[in-house]
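Spelled out, the chains give:
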Amino acid sequence: MEDMILVKGLEKSYKLHQRALPIINIPSWSVKKGERIALLGPSGSGKSTLLHLVGGILAVDRGSVEIAGELISEMNEMQRDRFRAKKVGYVFQDFYLIPSLTAQQNVELVMGRHLAKGERNGLIELWFERVGLTGKQNQRPYQLSRGQQQRVAIIRALINHPPLILADEPTGSLDWETAGLIMKLLLDICEENNTTLLTVTHDLHLAQLYPTTVQMDNINLCIQHHALSGKG
Amino acid sequence: MNGWKYIWNNIRYRSLLSALTVFAVMITVALFVILLMSKDSFEHGAQKGYGPFELVIGADGSDSQLVLNTFYRVGVPTGNVPLELLSAIENSEYTDVAFGMTTGDNYNGYPIVGVSPAYFATRYEDRHLKDGHLYAALGEVTVGYAVAKELGIRVGDQFSGAHGLVEHVELDHEGNEEDEHNSFHYKVVGILPKLNNADDRTVFTRLENAWAIHNDEDSAKEITSIIVKPHSLLGIHSLKQQFDAMDNVQAVYSSKAVADVLNVVDTGSQLLMIVMSICVLLAMAALLLALTASIQERKRDVGLLRLIGKSKVYILSTLIAEGMALATIGLVAGLVLGHIAGAVISDSLFIQAGVQLQAFQIATYEWLLIVVTLSLALLASFGPAIKVYRTDALTLFRN
């Protein structure tokens, strides 16, 4: 199976009081297409930093990051922006829906103009139905519950069928029951679409829903795979 | 998603802030439009206020006062000159036509001017009266359009005038009105059409009326001024030199005196323009504050847009476009409001101040107002937009 994420000799440091503080040091790591991985680790272990490096938000200090066959570590900021728009979907802890836009408009924001209006509306309607938000297209974020807002954010991340979804604590601000439902929904949709999913979470219970977990160790700055189930 | 849709949603989402910004721009622009229209109307009125009469001859004193009183019916006359002077001017080879004028009495604040009915044919050529005919007999008057409208005068009405140009009624010790020429009744025989000058605010009668009212003997007959239409422009200078040299008489170029007055008014207008320009800057400061406040609120939105791949140029242009959209809405609303307000106050302003607003014409410097407003709006939008331009996707993850 082809690699979706391929990391080699990746190093990233932050400057603190004029001194470089190493955050990431990964000699080699790969994620296959369609894999669904929960990234676990204590606070400050570099989980989110790794997510930002893979998503092209941060530039690498050393090494290379290849996503879907494209070397994003060699791209400039503008190229990474374009790459991200096409190949990466993001889901966040705080959803980050734009409050001035309706649920549908928040989704439309990421959609290209290649679809006709009717086609676009039809597609959006299907997605809203799929995540259990039928008829909520014209609601503004403040009119939706937190769980519903996260469902809209999931549609926004997936509607363009990006090959890679990066999720940063996607259930961190939801209650326990809703968190389980949302995580399950995200996993199911990614499985249906054969989309690679890399989720940062500190919740071991939810991580067990994933076919694969990866533990980031902030002492050794290395990654260990722990397959918790036979799936994936 | 269409960029304009995104901008419009942002404007609607912050509806109060947006409305206040638009309101500030709209009111400032509307006031500016009224000011520009007034300035235009005043200048236009002043320039065409003296018609073909290039020279005014009257008693010694301020030349501006003589011209203002003769043509614009403002202030008091400089004094009187003997009636014989009119014959001398009429007989000059340089004179095409000349008219003597008497001023000094008023009806309800509107000046009663004595002048030959031939004045109207010379000045207005083939214009027709709105109603009735021009005065002919002693005691007959033809009133200006604004006088008739404001006082509800109709042909056939009668009234008596008061002495002095400014309306004032004094009571005698028995409580009766003093100084009103109750014994001399005027009869309205005609109403002038709208002429858009001071003649609209004047009651016209025969020159002889003033002498009849004040019981002047033939030997003491005086007039307040003589207006002259010269044969040619070259003749004006000769006429001026000839009559300026006489004792207690001055001859004034109408255009020069009007230009002097306009210069003084211009200084006042410039001061007003400075005040209005400060208002424009304040309106733009409101726009700047609105955008800055909106940016503080929207930093995360911008971070998200960056994260989902929107370019810096997209973000910069949407923010500038938002500022420009608010300013443009305010500008258009202000232009419309200014012209509507101009149309509404036009008649009363004319009756009160003699300034006839051309509400449905674009004022001379209106284009400059549009350019300056949009330029300042661009400048006001640019600062906050640049601040946002530097926002990166990581903003989303910072506390």
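Residues numbered from 1 in each chain as written. Chains lettered and ligands numbered in written order. Predicted model: local features only at pLDDT ≥ 70, side-chain atom pairs only at ≥ 80, totals over all residues.

(A) Inspection of the overall build of chain A at higher detail. Counting secondary structure elements, chain A contains seven helices and ten strands. Taken over the C-alpha trace, chain A has a radius of gyration of 18 Å; the compact-globule value for 232 residues is 17 Å, and the two agree within 12%. Reported as C-alpha extents along the three principal axes, the dimensions of chain A are approximately 50 × 40 × 40 Å. Here chain A holds 232 residues, and 44% of them are scored as buried. (Helix = DSSP H or I, 4+ residues; strand = E, 2+ residues; numbered from the N terminus. Rg over C-alpha atoms; globule rule 2.2 N^0.38 Å. Buried ≥ 20, exposed ≤ 12 C-beta atoms within 10 Å, placed from the backbone.)

(B) Molecular detail of the overall build of chain B. When helices and strands are counted, chain B shows eleven helices and 14 strands. Structurally, chain B occupies a C-alpha span of about 100 × 50 × 40 Å along its principal axes. Each of the 399 residues in chain B was classed as buried or not, and the buried ones make up 42%.

(C) Broad picture of the interface of chain B and chain A. Each side of the interface is counted separately: chain B has 15 residues, and chain A has 18 residues. Elements with a contribution of two residues or more to the side of chain B that touches chain A: α1 (3-13) and α9 (254-307) of chain B. At four residues, the largest contribution of residues to the side of chain B that touches chain A is made by α9 of chain B. Residue composition of the side of chain B that touches chain A, grouped by class: nine nonpolar, four polar and two charged. (Contact = placed C-beta atoms within 7 Å. Nonpolar A, V, L, I, M, F, W, Y, C, P; charged D, E, K, R; others polar.)

(D) Expanded view of the sheet that holds strand β1 (residues 3-16) of chain A. Residue and element names in this part refer to chain A. On the basis of which strands lie adjacent, the open sheet formed by four strands has the order β2-β1-β4-β5 and antiparallel pairing. Whereas interior strands pair on both sides, the edge strands pair on one side only; in this sheet they are β2 (19-32) and β5 (70-71). As defined by bridge partners, strand β4 (residues 62-67) adjoins β5 across two bridges and the pair is classed as antiparallel. Its bridge partner lying in β5, I67 is registered against E70. (Pairing = 2+ DSSP bridges.)

(E) Region of the structure containing the domain arrangement of chain B. All names here are of chain B. Each assigned domain of chain B is listed here: domain 1 (3-46 + 262-397) and domain 2 (61-247). Its C-alpha centre places domain 1 at a distance of 48 Å from the equivalent point of domain 2. Between domain 1 and domain 2, the contact holds five residues from the first and six residues from the second. (Domains from an automatic or database assignment.)

(F) Just the confidence of the model for chain B, in detail. Averaged over every residue, the pLDDT of chain B is 83; residues scoring 70 or more account for 90%. For this predicted complex, the interface confidence reaches an ipTM of 0.81, while the overall pTM sits at 0.71. (pLDDT = per-residue confidence, 0-100.)

(G) Representation of the environment of N209 of chain B within the structure. All names here are of chain B. Along the chain, N209 turns up in helix α7 (residues 208-213). With 23 C-beta atoms counted inside 10 Å, the residue N209 sits in the buried group. Sequence separation between N209 and A137 is 72 residues, and the spatial gap between their C-alpha atoms is 9.5 Å. The residues touching N209, leaving out its near neighbours within four places in the chain, are G114, L138 and G139.

(H) Region of the structure containing the nonpolar core. Ranked by size, the top nonpolar core spans 73 residues in total, and within it L39, V54, V91, I165, L166 and L186 of chain A carry the most contacts. In this structure, V91 of chain A is in contact with A153, I154, A157, I165, A167, P170 and L186 of chain A, ignoring residues within four places of it in sequence. Counting 56 residues, the second largest nonpolar core, distinct from the first, contains F53, A146, F204 and F243 of chain B. (Core = buried A, V, L, I, M, F, W, Y, C linked by C-beta atoms within 7 Å.)

(I) Fine view of the packing of α9 of chain B against helix α11 (residues 366-389) of chain B. Residues and elements named next belong to chain B. Two elements in contact, α9 and α11, have axes whose closest approach is 9 Å; the angle formed by their N-to-C orientations is 25°. It follows from the interaxial angle that α9 and α11 lie roughly parallel. Two packed elements cross with a definite hand, and for α9 against α11 that hand is right-handed. The segment α9 lies against α11, with V280, M284, L287, L288, L291, T292, I295 and V302 engaging V372, T373, L376, A377, A380, S381, G383, P384, K387 and V388. When grouped by side-chain class, the residues that make up the contact of α9 with α11 number 13 nonpolar, four polar and one charged. (Axes fitted to C-alpha atoms, helices over the stretch in contact; angles between N-to-C directions. Parallel < 35°, antiparallel > 145°, perpendicular 65-115°, else oblique. Left-handed = near helix turned anticlockwise from the far one by under 90°.)

(J) Spotlight on the packing of helix α2 (residues 15-47) of chain B against α11 of chain B. Residues and elements named next belong to chain B. Running from N to C, α2 and α11 cross one another at 155°; their axes reach a closest spacing of 10 Å. In terms of their interaxial angle, α2 and α11 are classed as roughly antiparallel. Considering only the axes of α2 and α11, their crossing is right-handed. Across the interface between the two elements, V29, F32, V33 and L36 of α2 pack against E366, L369 and T373 of α11. Classifying every residue of the contact of α2 with α11 by side-chain character gives five nonpolar, one polar and one charged.

(K) A look at the environment of V88 of chain A. Considering the arrangement of structural elements, one finds V88 of chain A in strand β6 (residues 88-92). On a C-alpha basis, the gap between V88 of chain A and K47 of chain A in space is 17 Å, while along the polypeptide they are 41 residues apart.

(L) Highlighting the environment of L134 of chain B. All names here are of chain B. Mapped onto the elements of the fold, L134 is located in the loop between β5 (131-132) and β6 (140-143). By C-beta crowding, L134 is classed as partly exposed, having 18 other C-beta atoms within 10 Å. C-alpha of L134 to C-alpha of V371: the two residues are 237 residues apart in sequence and 49 Å apart in space. With sequence-adjacent residues up to four places away left out, L134 is seen in contact with P117, F120, L129, T142 and G190.

(M) Local environment of the pairing of strand β3 (residues 36-40) of chain A. All names here are of chain A. Within β3, five of the five residues are buried, leaving the element largely enclosed by the surrounding structure. Neither face of β3 is left uncovered, since the one carrying R36, A38 and L40 and the one carrying I37 and L39 both have all their residues buried. Of the pairings in the sheet, the one linking β3 to strand β8 (residues 196-200) comprises four bridges and is parallel in character. Looking at the pairing, I37 lines up with L198 of β8.

(N) Inspection of unusual backbone geometry at higher detail. At N194 of chain A, a position not held by glycine, the phi torsion is positive, near 55°. Relative to the helices and strands, N194 of chain A is located in the loop between α6 (176-192) and β8. N194 of chain A gets classed as exposed once you count the C-beta atoms within 10 Å, which come to 11. Here the phi dihedral of N108 of chain B falls at roughly 50°; this positive angle occurs in a residue that is not glycine. Along the chain, the position of N108 of chain B falls in the loop between β3 (95-107) and β4 (110-114). In this structure N108 of chain B comes out as partly exposed when scored by C-beta crowding, with 14 C-beta atoms within 10 Å.

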